[in-house]
Amino acid sequence: MSGIRAGGGAGTDGGAEAADGAGTGDAEAGTLTAVRSGWQDPDPADRPMMRWWWFGPDQEPREIDRELEAMAAAGLGGAEVAFVHPLRETTDRFGSPRMLAALRHAAERARELGLRLDVTLGSGWSFGGPHIGPEHASRRLRWERREISPAPLDFPARGAWPGDDLVGAYVGEGTAPAQWTHVPATQGAEVLRIPAGLGPRTVLLAWSEVTGQQVKRSSAGAEGPVLDHLNADATRHHLDVVGEALLGAVPAALLGSVFCDSLEVYEAGWTPRLPEEFARRRGYDPVPVLHRLVTEEADGEGPDTAQLRIDMGRTLGELVEENFLAVCRDWAAGHGVPFRVQAYGEPPVTLSAYRSADLVEGEGAGWKEITACRWASSAAHLLGHGVVSSEVWTWVHSPSFRATPLDLRAEAHDHLLSGITRFVGHGWPYSPPEAPGLGWRFYAAGALDDRNPWWPAMPELTTSLARLCGALRRGERVADVAVLVPADDARAAHAGGFDLFKAARDLIGPRIPAAIRTGGWDYDLVDDPALETLAPDAYPVVVVARATRMPGTSRAWLDAVRAAGGTVLAVEAPACPAHEQVSETDLGAALRSALPPDVALRGDGGEIGTVHRSLDGGDLYLVANTGGEVRRVAITPRTSRAHWELLDPDDGGRRALADRSSAEAEGEAGGRGEAGGGNGDVGGVDDGTITLELHPYQALVLIGSDDEPDRTDAHGDAASLDGATSRAEPHAQLALAGPWTFTSEGDTEREVTLPHGWEEEFPPERSRGDYEIEVRIGAEQVPAGARVELDLGPCAPMPRPDGAQGFRAEVRPPVGEIAVVEVDGESAGIIWRAPHRLNLTDRLRPGTHRLRLTVLTTAAGASAVDPHAGPMVEESRRMFGDRFALQDLDRTLEDVHRGLHEVPVLRVLRG
């Protein structure tokens, strides 16, 4: 799959990746050595960033410093500043000298801390503000239909609302005309004259009007219309006013990138120069036939309704790319900073439009679905970008403060399975120390900062994700299947502005991507502009879904695929020959007939996802469990390798996988058990099949090569690659039901037995409980070379409640939510992810020990009883209007379980 390219534009030479801190420019970027080195010492650029919500503007240098220092301590890689609505009275305004000075201070402090700082080129979304007048505001077509008499009629050609302009008038006989006649209007005329007719008639008027859409969630002083993304003058005007102020305050040398969120300019389907641009691009004047966007005219010259809509959609897509994305990119380049964008939404921007940006970003979980992450990662693959970021944790376990580190881990792994290699968390709310109660929060989940009691687990999570992101940008992603975006069919279904990504996703449906991913293949979305430069042998299989129309260039490319020996599979796609048609139900079988799976799985239950990266001299596979059950899975890569290593992102270790008997591998595949991958557990290899056990929401990395692995792991432990190839044999175990000594935040100590929770004992805001027990270990219980571990128990299924928003891990872990472990008063580690185990070999030797588990929960309880949350919203509304509402507050305590929910076990394992 090397060498795939589509289109051109910035970033295709790898320069954008270097600007993004990808670190992939060295000669060993795609080698096994680079993967192993990065595993041992992750590149700081691979750490997750956080979207940093700046309310107001109302920020102070001292709190800016404190929050940046907290981000650095948590292992985060930096912040993306997003200017949003005010939360209290402030005399400051967006773009003021004080705000810009605070931004400069943040950039300088971030640089001192080794953090990256990005900035959004506006406040709220989409771009706009008080500097946008009717001439630069987003526009749409408004259709007005009236019945009139046979008499001639004069009426004003100017609308009653400022900025309204008459585009076209069309008259037809009767009340349901089958034919329409265009009534030309003189340029600049104040009155339009409709001549007399023979009988009752209907007039159809097309007005260009501003959409009226205002910038959402804007800062104080940033209120105003959303700009016209189809108009280069409007884009430049915004950059001149807002962008120049921001980059005048913060030089490019202090910024990682400038950012644009997903386009949400609803119904944006018109711009003043559209007729002229349409005629130049499509070869005919659209105005005389514009009524066919909304009517089905039986006869007449020119395009029918479907073709006019297709031509209009193509024109809109080209205009938003050229007049917004490319203008922003070129402006950013002139300032020496990359332009990062989520290039989907309204107006109907194409997948290939990412070529007009430097850095590619998506969002949305759902590795078996078509998400905006898949849209973005496909574009990145086509463009040759190793780095593709995603806005992760949007709405995670809504409402704010309800998310757990296990939720964050699970969703991040889901994004990785969609081709993502970099994260921008959503997000971190700036909150001043004097804010009452729990402090400031964004209106939607999550609030992912150090106010969460479980925050001590964050450094382990960020390190694990940095290892995975670094590994997954090495080499080349292997994708055997191309899924053609049915863009023209999506356009034919829409008369005006719309979201091409969502329309195409809905046309393709969920079953096609699910069949590809669960069948063991990976895929890219490809669109018509990409095919103009995409090699016909780039993908062995092309799936065409529900396409009745496509450009001649795309038909020719499909012919070239067939001529090159590729397979075209059509699902309800009349644009393809009958012999290529398959049903959704039979798609998996048809794919297997065309090409063996890249990764064949047994025992996966449809919940194990993989990503394959082809390396120089080897292959890398991410294997992730996306469900709440333990899965013992047999993995057979299509590419055979002599040696296999297992890399665990949680502890950073590397372990060699040795051969096992065929009977053992077959017998364990598909089964369940307590023993499994991670924290010292490894699988085995039998005749090219690797058997692993993955716990809920666990991810591991496999590396295959034909050369003997290096004899050191991430810890420099030469013995680790010679270690056991299956879980060590149990020697002894001790159930720790109790009694335990329990206290919570200064309460009187008392004895409890486990399982134990304190939901009914203490007020909701109680977020800490301390459990202590004395443990006696005899010499006979710990033979030489034995491993001693604390196991808090398995996860229990906890299905998603009806109506719940945002991603969540659908399990109840044995601890709610983390356990900080001490042995004899010394810190021993944190337990928060499956498998919920901790190696205590160096701490629990024969003798008597004091074991202490400090259980830390979420801040959901404190949020639920915070008396200041409601008044904070009301104060903001009183002073600044209705800009937001805190969402899902009625679900704050839903499925909250505090305490230890299983009986922990001390287990001794013989090596």
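Being a predicted model, the structure only gives us computed values, none of them experimental.

Asks: What's the story with the overall build of the protein chain in this structure? I'm lost.
Replies: A tally of regular secondary structure across the protein chain gives 19 helices and 45 strands. Overall size of the protein chain, expressed as C-alpha extent along the three principal axes, is 110 × 70 × 50 Å. Here the protein chain, with 911 residues, has 62% of them falling under the buried criterion. In the protein chain, of all internal contacts separated by at least 6 residues, the share reaching a separation of at least 24 is 79%. With 88 positive and 137 negative side-chain charges, the protein chain shows a spacing of 1 Å between the two charge centroids.

Asks: What should I look at first to understand the side chain of T404 in this one?
Replies: Checked against the element boundaries, T404 lands in the loop between β15 (388-392) and α9 (405-417). Excluding anything up to four places from it in sequence, T404 contacts W454, E817 and T858.

Asks: Is there a simple way to explain the packing of helix α5 (residues 232-249) against helix α7 (residues 305-334) in this structure?
Replies: Two quantities define a packed helix pair, namely the angle between the axes and the distance from one axis to the other. Their axes nearest at 10 Å, the elements α5 and α7 cross at an angle of 35°. The two elements α5 and α7 cross, and the hand of that crossing is right-handed. Across the interface between the two elements, A232, T235, R236, L239, G243, E244 and L247 of α5 pack against N323, F324, V327, C328 and W331 of α7. Residue composition of the contact of α5 with α7, grouped by class: seven nonpolar, three polar and two charged.

Asks: Even after reading the chapter, I still don't get the pairing of strand β6 (residues 165-173), so can you show me in this structure?
Replies: Along any regular strand the residues' side chains alternate between the sheet's two faces. Of all nine residues in β6, seven are buried; the element is thus mostly enclosed. As defined by bridge partners, β6 adjoins strand β9 (residues 201-210) across eight bridges and the pair is classed as antiparallel. Bridging across to β9, G172 finds its partner in T202.

Asks: What is the right way to look at the environment of G362 in this model?
Replies: Residue position: G362 is located in strand β14 (residues 359-363). As for G362 and R374, which are separated by twelve residues in sequence, their C-alpha atoms are 7.4 Å apart. The contacts of G362, once residues within four sequence positions are left out, are Q342, Y344, A372, C373, A376, S389, S390 and E391.

Asks: Just to check I follow, could you spell out helix α2 (residues 32-40) for this structure?
Replies: For an α-helix the count is 3.6 residues per turn, leaving residues at separations of three or four pointing the same way. Those residues of α2 that fall on the buried side of the exposure criterion are L32, A34, V35, R36 and W39. Elements that come into contact with the buried residues of α2 comprise α10 (458-472), β23 (608-615), β24 (618-625), β26 (643-647), β27 (654-657) and β30 (699-705).

Asks: What exactly am I supposed to notice about the confidence of the model for the protein chain here?
Replies: Note that predicted coordinates carrying low pLDDT should not be read in detail. Scored by pLDDT, the protein chain has a mean of 91; 92% of the residues are at 70 or more. For residues 21-25, every residue scores under 50 in pLDDT, and the model assigns this stretch 14 contacts once sequence neighbours within four places are set aside. When the criterion is pLDDT under 50, residues 712-726 qualifies, and its contacts beyond four places in sequence or with other chains add up to 36 contacts.

Asks: Honestly, the sheet that holds strand β25 (residues 631-637) in this entry has me stumped. Any pointers?
Replies: Strands in a sheet are paired, the pairing made by backbone hydrogen bonds, and the direction either parallel or antiparallel. Taking strand neighbours across the sheet as the criterion, the four strands line up as β22-β25-β29-β28 in an open arrangement whose pairing is antiparallel. In the strand order of this sheet, the two ends are held by β22 (599-602) and β28 (684-686), each with one partner. Looking at each pair of strands side by side, their axes are set apart by 30° on average, direction ignored. Pairing geometry for β25 and strand β29 (residues 689-694), over five bridges, is antiparallel. Opposite R631, over in β29, you have L694 as the bridge partner.

Asks: Sorry, what's going on with the packing of aromatic side chains here?
Replies: Given two aromatic rings, their pairing is described by the distance between the two centres and the angle made by the two planes. Overall, the coordinates contain 20 aromatic pairs when judged by the stated rule. Three or more aromatic residues joined by ring pairs form one cluster here, namely W740, F742, W758, F762 and Y771. Positioned above the aromatic ring of Y443, the side-chain terminus of R217 is 4.3 Å from the ring centre. Lying across the ring of Y523, R374 places its NZ or CZ 4.3 Å from the centre.

Asks: What's the story with α10 in this structure? I'm lost.
Replies: Between its terminal C-alpha atoms α10 stretches 21 Å, which fits the 21 Å expected from 15 residues at 1.5 Å a residue. With respect to burial, α10 is a largely interior element, twelve of its 15 residues being buried. Those residues of α10 that fall on the buried side of the exposure criterion are M458, L461, T462, S464, L465, A466, R467, L468, C469, G470, A471 and L472.

Asks: Would you take a moment to explain the pattern of salt bridges for this structure?
Replies: A side chain of one charge can pair with a side chain of the opposite charge when the charged atoms of the two come close. The tally for this structure, following the rule as stated, stands at 85 salt bridges. Close ionic contact of R877 with D882 constitutes a salt bridge, the shortest N to O distance being 3.4 Å. Its relative accessible area of 29% is what places R877 among the partly exposed residues. Three or more residues are tied together by salt bridges with common partners; here these are R51, E80, R116, D118, D261, R340, E361 and E391.

Asks: Whenever I open this one, the environment of A493 confuses me. Can you help?
Replies: Note that A493 resides in the loop between α11 (487-492) and α12 (500-508). Spatially, the C-alpha atoms of A493 and R766 are 54 Å apart, while their sequence positions differ by 273 residues.

Asks: Could you clarify how one ought to interpret the state of the cysteines in this entry?
Replies: Disulfides are covalent bonds that connect the sulfur atoms of two cysteines. With the rule as written, the count across this model stands at zero disulfides. Unpaired in terms of disulfides, C373 finds its nearest cysteine sulfur in C469, a separation of 11 Å.

Asks: Help me understand the sheet that holds strand β17 (residues 476-477) in this model?
Replies: Spatially, β17-β23-β24-β30-β26-β27 is the arrangement adopted by the six strands of the open sheet, whose pairing is antiparallel. Only two strands of the sheet have a single partner each, and these edge strands are β17 and β27. Where β26 and β27 come together, four bridges link them in antiparallel fashion. Across the sheet, the residue bridging to L647 is R654, located in β27.

Asks: Would you mind showing me how to read the packing of helix α3 (residues 61-73) against helix α4 (residues 97-112) here?
Replies: Close contact between α3 and α4 brings their axes to 10 Å; oriented N to C, the two are set at 35°. In this structure, the crossing between α3 and α4 has a hand that is right-handed. Along its contact with α3, which presents P61, I64, D65, L68 and E69, the element α4 presents A102, H105, A106, R109 and A110.

Asks: Before we go on, may I ask you to explain the pairing of β27 in this structure?
Replies: Burial along β27 is two-sided: the face carrying R654 and A656 and the face carrying R655 and L657 are both buried. With antiparallel pairing between neighbouring strands as the criterion, β26 and β27 make up a hairpin whose turn holds six residues, including G652 at a positive phi of roughly 75°.

Asks: What is the right way to read unusual backbone geometry from this model?
Replies: Glycine aside, negative phi is the norm for most residues, and most peptide bonds take the trans geometry. For the bond from E346 to P347, the omega torsion is 0°, close enough to zero to count as cis. Relative to the helices and strands, P347 resides in the loop between β13 (345-346) and β14. In this chain, L754 is followed by P755 through a cis amide linkage whose omega measures 5°. Mapping P755 onto the fold places it in the loop between β33 (750-752) and β34 (756-757). With phi around 75°, F401 is a residue other than glycine that occupies positive phi space. When you line up the elements, F401 lands in the loop between β15 and α9. A positive phi is found at D895, a non-glycine position, where the angle reads about 55°. Mapped onto the secondary structure, D895 falls in the loop between α19 (869-880) and β44 (899-900). D895 gets classed as partly exposed once you look at its relative accessible area, which sits at 29%.

The rules we used
Here the residue index of a chain counts from 1 through its sequence in written order. Note on the predicted model: pLDDT of at least 70 is required for a residue's local features to be given, and 80 or more for side-chain atom pairs to be given and counted; whole-chain, interface and lining totals, by contrast, use all residues. Side-chain metrics rest on all non-hydrogen atoms present in the structure, leaving aside hydrogens and water. The secondary structure listing takes helices from DSSP runs of H or I that are at least 4 residues long and strands from runs of E that are at least 2 residues long, numbered from the N terminus. Each residue's exposure class comes from its accessible area (1.4 Å probe, protein chains only) as a fraction of the maximum for that residue type: buried when under 20%, exposed when over 50%, partly exposed otherwise. For this analysis, residues touch if any pair of their heavy atoms sits within 4.5 Å. The convention is simple: Lys and Arg are positive, Asp and Glu are negative, and His and the chain ends are not counted. Charge coordinates come from a single atom per side chain, which is NZ of Lys, CZ of Arg, CG of Asp or CD of Glu. Axes here refer to lines fitted to C-alpha atoms; in helices the fit is confined to the stretch in contact. Angles between the N-to-C directions go from 0 to 180 degrees. Here a crossing is called left-handed whenever its near helix is offset anticlockwise from the far helix by less than a right angle, and right-handed whenever the offset is clockwise. Only Asp, Glu, Lys and Arg are considered charged in this grouping, and only Ala, Val, Leu, Ile, Met, Phe, Trp, Tyr, Cys and Pro are considered nonpolar; every other residue, Gly among them, is considered polar. Between any two strands, at least two bridges found by DSSP are needed for them to pair. pLDDT: the predictor's confidence for each residue, scored from 0 to 100. To pair, rings of Phe, Tyr and Trp, with the six-membered ring standing in for Trp, must have centres within 6.5 Å; the planes then decide the type, stacked if under 30 degrees apart, edge-to-face if over 60, and tilted in the middle. Charge-over-ring placement is defined geometrically: NZ (Lys) or CZ (Arg) within 6 Å of the ring centre, and within 35 degrees of the ring normal. Expected helix span is taken as 1.5 Å per residue step, with the number of steps being one fewer than the number of residues. What makes a salt bridge here is a side-chain nitrogen of Lys or Arg within 4 Å of a carboxyl oxygen of Asp or Glu, nothing more. Here, two cysteine sulfur atoms that lie within 2.5 Å of each other are counted as a disulfide.

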